[in-house]
Amino acid sequence: MKLEKILDNVNSLEKNSFLKIIDNIKSCNPKNSKEIDKILSDSSNNLKGVDSLNIAKVFDLIKDEFAETVKAEFVNTTSQLDILIDIIIKDGNNILKQDWLGRLYEKELVNIKKKTRELKSQLEAGKSEIDEVRKRDYQIYKACVETAYNNDYENNRDSKITDDELSILLTLTNQLELSQEEVKLINYLIIPPEKANIDNVITFLKNIGVVFYSKKNNLIYVADEVVRVLRKIRKKEIADKYFRRVLKTLKESQINLICRKHNIDVRELDYESKIKQIIKEGISFTNLLKNGIHKDGTNLTDRKKAINDVWSKGLKISTNLKGVTLEEKIENITLYFNEIEHDEKVGISVEGYEKLLLEINEELKSFKKLVLKEFEMPEETILNSSTLLDFNIKPRDVLDILPTEDLKTFITAKELKSRGDLVLNILDAYKDAENLLIENYVAIGFRNLNLLRENGIVIKESELGLKFECLTQKIFEQLGFNVDETLKKKLNTAKNKIDLVLNLGNDNIIIIECKTVKESGYNKFSSVSRQIKSYVDLAKKDGLNVVKSLLVAPDFSDDFVNDCDLEFEINLSLITAGSLVNILDGFRDSKHKQFPYQLLMKDVLIKEDRILKAIRK
């Protein structure tokens with residue numbers, strides 16, 4: 001669930017700890033302090049008077065400093081913060097009831113105690129099932145942790161691991177390519193975890209700002225934005241659901257190789273179970289692609305080829321994987337998945353998602369049980385599109401956890417296309433073309449072909465400009481405007497072609513110009529202002545009154561906004577594609593049948609939060 005939505009769901013007391021942390025960071029002159037001051041200028045810098053949307057914007061600007069405040073808690077060796085973070089960043093665990101978090105926490109402690117006993121036995125045995133090189137790595141790290149923890153005791157001080165010692169230990173784990181699970185087990189071999197009271201656990205997590213606790217709903221919320229910060233702290237480059245997607249492109253021999261390198265017992269495990277165990281281990285995604293999937297002695301050229309194959313043949317992405325070095329290629333795969341995660345689009349329409357869930361549940365009797373188990377959800381969880389989207393679980397994520405045989409069964413039952421990629425075939429069958437395109441309106445404006453393909457939209461780059469214009473027309477029609485094609489054709493000349501004309505009646509019109517842009521921030525003010533001025537002149541010659549001209553683009557540069565502020569002849573306002581879609585969503589939920597065009601008259605850069613407040617009244 002997004003931070004903005006959580007802040008709207010909890011009361012002022014329940015968000016107090018979080019706001020206090022932001023306030024402390026803000027008072028320490030963070031790197032983005034100027035941008036923060038701009039956002040807070042209307043509220044006299046008092047966070048308690050700021051709306052949820054702007055608090056979420058401030059958090060985005062201080063997330064690096066926020067990460068440092070959380071990292072500082074790792075020095076407290078009894079905090080068990082690694083255990084707790086690993087629970088709450090898992091897919092499906094961002095909304096939890098108090099008792100369910102308690103059960104997950106207790107289950108994890110039991111698991112750790114069992115595994116540390118087994119690890120201790122293996123390390124102390126003359127002959128063990130652990131590879132000798134790996135055993136040496138474990139013993140090196142274990143000896144370093146023991147020294148870091150016990151050297152204070154020898155100097156008559158309380159035992160702890162300092163910031164500097166922790167930094168050295170983290171470097172060591174990277175060099176030894178230890179997974180987070182391996183590190184955790186060795187750490188708790190030295191400092192055994194003691195079960196804490198769940199109320200104290202929640203209070204601790206709330207006080208460091210990583211969760212919100214609603215006593216009224218008895219729910220613990222972890223914002224999607226916070227999850228991404230915590231995942232970065234735990235050295236998890238991508239979400240588990242994307243890690244799974246990559247692992248499922250690998251041969252079983254490669255999966256077995258990864259398991260051997262990280263001391264994962266593959267006996268009695270099938271292919272799907274091995275993948276689950278690899279994900280649970282917290283293995284570095286970068287290290288896995290760099291070394292984990294390759295046999296010893298594999299040369300650099302073959303490693304690059306293997307990574308290119310994962311991208312093009314496994315993930316079936318049509319564009320070439322960028323990057324010259326192996327590290328650059330892996331970094332670009334990571335960036336690709338992180339970009340997808342930031343995208344709020346569902347991949348198919350929300351209505352299509354709801355239909356898909358209902359029909360899979362009808363055809364596959366084990367479906368609900370499988371989803372609840374995979375995402376560690378309680379039995380009473382209702383599996384509908386609204387619930388799963390709050391958990392940030394999208395249609396592709398659901399299909400990715402289904403075994404191949406289940407996918408085949410469903411495809412046969414629904415008589416869907418069975419050749420090629422089964423998951424993509426199912427998604428294609430549940431698309432609602434117009435809604436899906438509107439959901440991806442911003443990506444079309446930014447001409448982001450990779451993201452569009454990931455979301456199931458195949459379109460040529462040369463068609464993006466016209467598609468953006470057509471979707472803008474659809475949005476204004478859904479807002480209740482009369483988009484007058486006849487009047488537009490009458491006004492247009494061979495030289496001047498207006499994109500859209502909104503006919504308000506009584507010879508009053510709004511002229512709309514649409515622009516796509518590949519880089520962030522549309523900045524061609526002089527050319528577009530001349531263009532729009534010529535359209536306004538055309539309309540005036542025809543006896544029409546242009547009450548407003550609007551420019552729609554995915555983003556605008558600061559210089560462009562400033563230049564627009566000084567322009568008075570064409571009465572121009574700017575609106576971003578993202579704001580326009582959000583206004584449409586708000587309008588659908590409002591009582592209005594026709595959008596009040598007067599709300600578009602005030603701002604230079606139209607503020608969606610002001611408009612949303614107005615139409616919700």
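Residues numbered from 1 in each chain as written. Predicted model: local features only at pLDDT ≥ 70, side-chain atom pairs only at ≥ 80, totals over all residues. Heavy atoms only, no water.

*Asks:* So what's going on with the overall build of the protein chain? Residues and values would help.
*Replies:* Within the protein chain, the regular secondary structure consists of 32 helices and seven strands. Over its C-alpha trace the protein chain gives a radius of gyration of 27 Å, about what one expects of a compact globule, namely 25 Å for 617 residues. With the C-alpha coordinates aligned to their principal axes, the bounding extent of the protein chain is approximately 95 × 60 × 50 Å. Sequence-distant contacts in the protein chain: of pairs separated by 6 or more residues, those separated by 24 or more amount to 68%. Accessible area of the protein chain: about 30,400 Å², with a carbon and sulfur share of 48%. One finds the centroid of the 99 positive side-chain charges in the protein chain at a distance of 2 Å from the centroid of its 102 negative side-chain charges. (Helix = DSSP H or I, 4+ residues; strand = E, 2+ residues; numbered from the N terminus. Rg over C-alpha atoms; globule rule 2.2 N^0.38 Å. Contact = heavy atoms within 4.5 Å. Areas by Shrake-Rupley, 256 points an atom, 1.4 Å probe, with all protein chains shown as cover. Lys, Arg positive; Asp, Glu negative; His and termini not counted. Charge placed at Lys NZ, Arg CZ, Asp CG, Glu CD.)

*Asks:* Go over the sheet that holds strand E5 (residues 508-514), please, and point to the residues and values.
*Replies:* With mixed pairing, four strands are arranged side by side in an open sheet as E4-E5-E6-E7. Each edge of the sheet is formed by a strand with only one pairing partner; in this case those strands are strand E4 (500-505) and strand E7 (572-576). The sheet shows a mean angle of 25° between the axes of neighbouring strands, direction not considered. Bridge analysis of strand E6 (residues 545-553) against E7 gives five bridges, and the strand direction is parallel. Note on E7: the bridge partner recorded for leucine 551 is leucine 574. Where helix H29 (residues 525-541) meets the sheet, it contacts E5, E6 and E7, and its direction lies at approximately 150° from that of E5. (Pairing = 2+ DSSP bridges. Axes fitted to C-alpha atoms, helices over the stretch in contact; angles between N-to-C directions.)

*Asks:* Explain the nonpolar core to me, and be specific about the residues and the numbers.
*Replies:* Counting residues in each nonpolar core, the largest one holds 105 residues, and the members touching the most others are Phe66, Ile88, Tyr141, Val210, Leu230, Phe367 and Leu399. A total of nine residues in this core trace back to one element, the largest contributor, which is helix H4 (residues 52-71). Not counting residues within four places of it along the chain, the set of residues in contact with isoleucine 88 comprises Asn93, Asn94, Leu96, Leu101, Val210, Val211, Val222, Val227 and Leu230. Membership of the second largest hydrophobic core comes to 72 residues, among which are Ile307, Leu315, Leu436 and Ile459. (Core = buried A, V, L, I, M, F, W, Y, C linked by side-chain atoms within 4.5 Å. Buried < 20%, exposed > 50% of the residue type's maximum accessible area, 1.4 Å probe, protein only.)

*Asks:* Describe helix H17 (residues 326-342), and please don't skip the residues or the numbers.
*Replies:* When the terminal C-alpha atoms of H17 are compared, their 25 Å separation across 17 residues agrees well with the 24 Å that a helix rising 1.5 Å per residue should span. Every buried residue belonging to H17 is among Leu326, Lys329, Ile330, Ile333, Thr334, Tyr336, Phe337, Ile340 and Glu341, and all of these are buried. The arc that holds the buried residues of H17, viewed along the axis, is 150°, so those residues lie on one side. Its buried side turned inward, H17 meets helix H11 (224-233), helix H12 (240-247), helix H15 (285-292), helix H16 (300-314) and helix H26 (449-454). (Expected span 1.5 Å × (residues − 1). Arc of directions from axis to C-beta.)

*Asks:* Now, about the pairing of E7: what can you tell me, with residues and values included?
*Replies:* Side-chain direction in a regular strand flips from residue to residue, so the side chains alternate between the two faces of the sheet. The element E7 is largely enclosed, with a buried count of five among its five residues. The two faces of E7 match: Leu572, Leu574 and Thr576 on one face and Ser573 and Ile575 on the other face are all buried.

*Asks:* If you had to explain the packing of aromatic side chains to someone new, which residues and values would you point to?
*Replies:* In this structure the tally under the stated criterion is 14 aromatic pairs. Look at phenylalanine 481 and phenylalanine 595: their rings are 6.1 Å apart centre to centre, the planes differ by 50°, and that puts the pair in the tilted class. In this pair, phenylalanine 481 is assigned in the loop between helix H27 (464-478) and helix H28 (485-491) and phenylalanine 595 in the loop between helix H31 (577-588) and helix H32 (608-616), connecting sequence segments 114 residues apart. In this structure phenylalanine 595 comes out as buried when scored by relative accessible area, which is 2%. Through successive ring pairs, a cluster of aromatic residues spans Phe18, Phe59, Phe66 and Phe212. (Phe/Tyr/Trp six-rings, centres within 6.5 Å; stacked < 30°, edge-to-face > 60°.)

*Asks:* Lay out the pairing of E5 with the relevant residues and their values.
*Replies:* Counting buried positions along E5 yields six of seven residues, so the element is predominantly enclosed. Counting the residues between successive antiparallel strands, the hairpin from E4 to E5 contains two residues, one of them, asparagine 506, with a positive phi of roughly 55°. For E5 and E6, the ladder comprises seven bridges, and the chain directions are parallel. Bridging across to E6, isoleucine 511 finds its partner in serine 549.

*Asks:* Report on a negative patch on the surface, specifying residues and quantitative values.
*Replies:* A grouping of Glu35, Asp558, Asp559 and Asp563 is seen on the molecular surface, where their side chains present a negatively charged patch. Tracing the chain through its elements places aspartate 559 in helix H30 (residues 558-566). Judged by its relative accessible area of 57%, aspartate 559 is exposed. (Patch = residues over 30% accessible without salt bridge, like charges linked within 9 Å, V, L, I, M, F, W, Y side chains within 5 Å. Salt bridge = Lys/Arg side-chain N within 4 Å of Asp/Glu carboxyl O.)

*Asks:* Mind laying out helix H10 (residues 198-207), listing which residues take part and the relevant values?
*Replies:* For H10, every residue scored as buried is listed here: Val201, Ile202 and Leu205. Mapping the buried residues of H10 onto a view down its axis gives an arc of 95°, with all of them on the same face. Of the surrounding secondary structure, the elements contacted by the buried residues of H10 are helix H5 (81-88), helix H6 (98-124), strand E2 (212-214) and strand E3 (219-221). The backbone nitrogen of aspartate 199 lies 2.8 Å from a side-chain oxygen of the residue at the head of H10, namely asparagine 197. One or two steps after H10, the chain reaches glycine 209, where phi turns positive at roughly 85°. (Polar contact = N/O pair within 3.5 Å; in protein donor to acceptor, adjacent residues only side chain to side chain.)

*Asks:* Describe the pattern of salt bridges, and please don't skip the residues or the numbers.
*Replies:* Summed over all chains, the structure comprises 42 salt bridges. For aspartate 390, the salt bridge goes to lysine 5, with nearest N and O atoms at 2.8 Å. Taken together, the residues aspartate 390 in helix H20 (residues 385-390) and lysine 5 in helix H1 (residues 3-9) connect sequence positions 385 residues apart. A relative accessible area of 39% places lysine 5 in the partly exposed class. Here aspartate 309 makes a salt bridge to lysine 305, at a shortest N to O gap of 3.1 Å. Here lysine 305 and aspartate 309 lie together in helix H16, a separation of four residues that amounts to about one turn. You can call aspartate 309 partly exposed: its relative accessible area is 24%. Under the relative-accessibility criterion, lysine 305 is labelled partly exposed at 47%.

*Asks:* Provide a residue-level description of the environment of histidine 294, including the pertinent values.
*Replies:* For histidine 294, the location among the structural elements is in the loop between H15 and H16. Overall, histidine 294 belongs to the buried group, its relative accessible area being 4%. Considering only alpha carbons, one finds histidine 294 and leucine 257, 37 residues apart in sequence, at a separation of 7.9 Å. The contacts of histidine 294, once residues within four sequence positions are left out, are Leu257, Lys261, Leu289, Arg303, Ala306 and Ile307.

*Asks:* Could you give me a rundown of the sheet that holds strand E1 (residues 95-97), with the residues and numbers involved?
*Replies:* An order of E1-E3-E2 is seen for the three strands of this open sheet, with the pairing classed as antiparallel. Two strands close off the open sheet at either side, each with one partner strand: E1 and E2. Each neighbouring strand pair of the sheet contributes to a mean axis angle of 25°, computed without reference to strand direction. Across the sheet, H6 lies against E1, E2 and E3, angled at about 95° from E1, the strand it touches most.

*Asks:* For the packing of H16 against H17, give the residues involved together with the corresponding values.
*Replies:* Relative orientation of the contacting elements H16 and H17 amounts to 15°, with a least axis distance of 10 Å. In this view, H16 runs roughly parallel relative to H17, as classed from their interaxial angle. In this structure, H16 crosses over H17, and the sense of that crossing is left-handed. Residues Leu300, Arg303, Lys304, Ile307, Asn308 and Trp311 of H16 pack against Leu326, Lys329, Ile333 and Tyr336 of H17. (Parallel < 35°, antiparallel > 145°, perpendicular 65-115°, else oblique. Left-handed = near helix turned anticlockwise from the far one by under 90°.)

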